[in-house]
Amino acid sequence: MVMNFWEAQRKAKAKTALYLTIFIFLTLIASTLAELAMRAFENESYGNPEIPFVGLGFLAVTFGVAGFNYMNYLQAGGSYVAESVGAQQVDPYTRNGKERQLLNIVEEIAIATSLPVPPVYILEAEEIKAFAAGTSPGNAAITVTRGCLNLLNRDELQGVLAHEFGHIYHRDMTIGMRVSAMIMGFFIVTYIGLRLLQGSSFRRDDDDRRGGNPIAVVALILLVAGSITWFFGSILQAMVS
């Protein structure tokens, strides 16, 4: 049976839209559960305020960090991502034969696909890996590992780069970078919870007051909620096509 590529692509995009919606619902559910947990375990000191401070704090950190990262993606594009993982941009005037060949192939494919020539980065790793990043063809960047240059011949390298140009052409990168920004939001919530937990205690110094330390309870709730959303968010990230 012959595969209908366009139909498969349509279904993949529909599933991806569903997964992105699940991301948002996952965040809302986690913030609600965090608020309910705070009211249940620290009712004496926290009470039942009209404003759900813990839940809103969870949302503010998650979406705030996600928005900040995505704004960086919009402004700096794929170069921001490449440089954040330690890749170095290839000098357009390089005299290195392998690097010169790499730039020539990128220019050839850009002309063939009528796309802007993206900046090219090399990541010093021996594995054969490559990725394209950016929020639009105009700010995209391509990164390849040193292993790609050393282990692949010209035709093989051209195939790898053509695949990455496919991501640029179909704007797959935009979806991937939005998801990555959300994952970073979940991670920061987990990190904040861990740091707060390290600097707090479940016991109060004042023996006349009953109950645990509310800061430690908040820290534990953020740590658990952030870890759960980070875990399931990573699974959703892997499912995005």
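Residues numbered from 1 in each chain as written. Predicted model: local features only at pLDDT ≥ 70, side-chain atom pairs only at ≥ 80, totals over all residues. Heavy atoms only, no water.

Colleague: What should I look at first to understand the overall build of the chain in this one?
Modeller: Helices and strands together make up the secondary structure of the chain, namely nine helices and four strands. Sequence-ordered secondary structure for the chain, helices as α and strands as β, is α-α-α-α-β-α-β-β-β-α-α-α-α. In the chain, which comprises 241 residues, the proportion classed as buried is 41%. Considering only contacts within the chain whose residues lie at least 6 apart along the sequence, 63% involve residues at least 24 apart. Summing over all exposed atoms, the chain offers an accessible surface of approximately 13900 Å²; the carbon and sulfur share of this is 61%. (Helix = DSSP H or I, 4+ residues; strand = E, 2+ residues; numbered from the N terminus. Buried < 20%, exposed > 50% of the residue type's maximum accessible area, 1.4 Å probe, protein only. Contact = heavy atoms within 4.5 Å. Areas by Shrake-Rupley, 256 points an atom, 1.4 Å probe, with all protein chains shown as cover.)

Colleague: What's the story with the pairing of strand 4 (residues 141-145) in this structure? I'm lost.
Modeller: A regular strand carries its side chains on alternate faces of the sheet. Most of strand 4 sits out of view: five of its five residues are buried. Examined bridge by bridge, strand 2 (residues 120-123) and strand 4 share four bridges and lie parallel to one another. Looking across to strand 4, one finds that I122 is bridged to V144. With four bridges joining them, strand 3 (residues 130-133) and strand 4 adopt antiparallel strand pairing. In the strand pairing of strand 4, A130 is matched with V144. (Pairing = 2+ DSSP bridges.)

Colleague: Where do I start with unusual backbone geometry in this structure?
Modeller: Most peptide bonds take the trans configuration, and most residues that are not glycine carry a negative phi. Its identity is not glycine, yet S114 carries a phi of approximately 60°, on the positive side. Positionally, S114 belongs in the loop between helix 5 (97-113) and strand 2.

Colleague: How do you make sense of the side chain of S79 when you look at a structure like this?
Modeller: With respect to the secondary-structure elements, S79 resides in helix 4 (residues 78-84). Given the relative accessible area of 17%, S79 is considered buried. A polar atom in the side chain of S79 sits 3.1 Å from the side chain of Y121. Residue contacts for S79: discarding those within four places in its chain leaves P119, Y121 and A141. (Polar contact = N/O pair within 3.5 Å; in protein donor to acceptor, adjacent residues only side chain to side chain.)

Colleague: Looking at this model, I keep getting lost on helix 7 (residues 154-169). Mind explaining?
Modeller: Working note: α-helix, 3.6 residues per turn, so residues spaced by three or four point in the same direction. Between its first and last C-alpha atoms helix 7 spans 22 Å; for 16 residues at 1.5 Å apiece the expected length is 22 Å, and the two agree. Buried within helix 7 are the following residues: L157, L161, E164, F165 and I168. Buried residues along helix 7 cover an arc of 105° about the axis, so they all sit on one side. Turned more than 90 degrees away from the buried face of helix 7 sit D155 and Y169, all of them exposed. Contact partners of the buried residues in helix 7: helix 5, strand 3, strand 4, helix 6 (146-151) and helix 8 (172-198). (Expected span 1.5 Å × (residues − 1). Arc of directions from axis to C-beta.)

Colleague: Would you mind showing me how to read helix 9 (residues 214-239) here?
Modeller: Compared with an ideal rise of 1.5 Å per residue, which puts 26 residues at 38 Å, helix 9 spans 37 Å between its outermost C-alpha atoms and is within 8% of the ideal. If you check which residues of helix 9 are buried, you get A216, V217, A219, I221, L222, L223, A225, G226, T229, G233 and L236.

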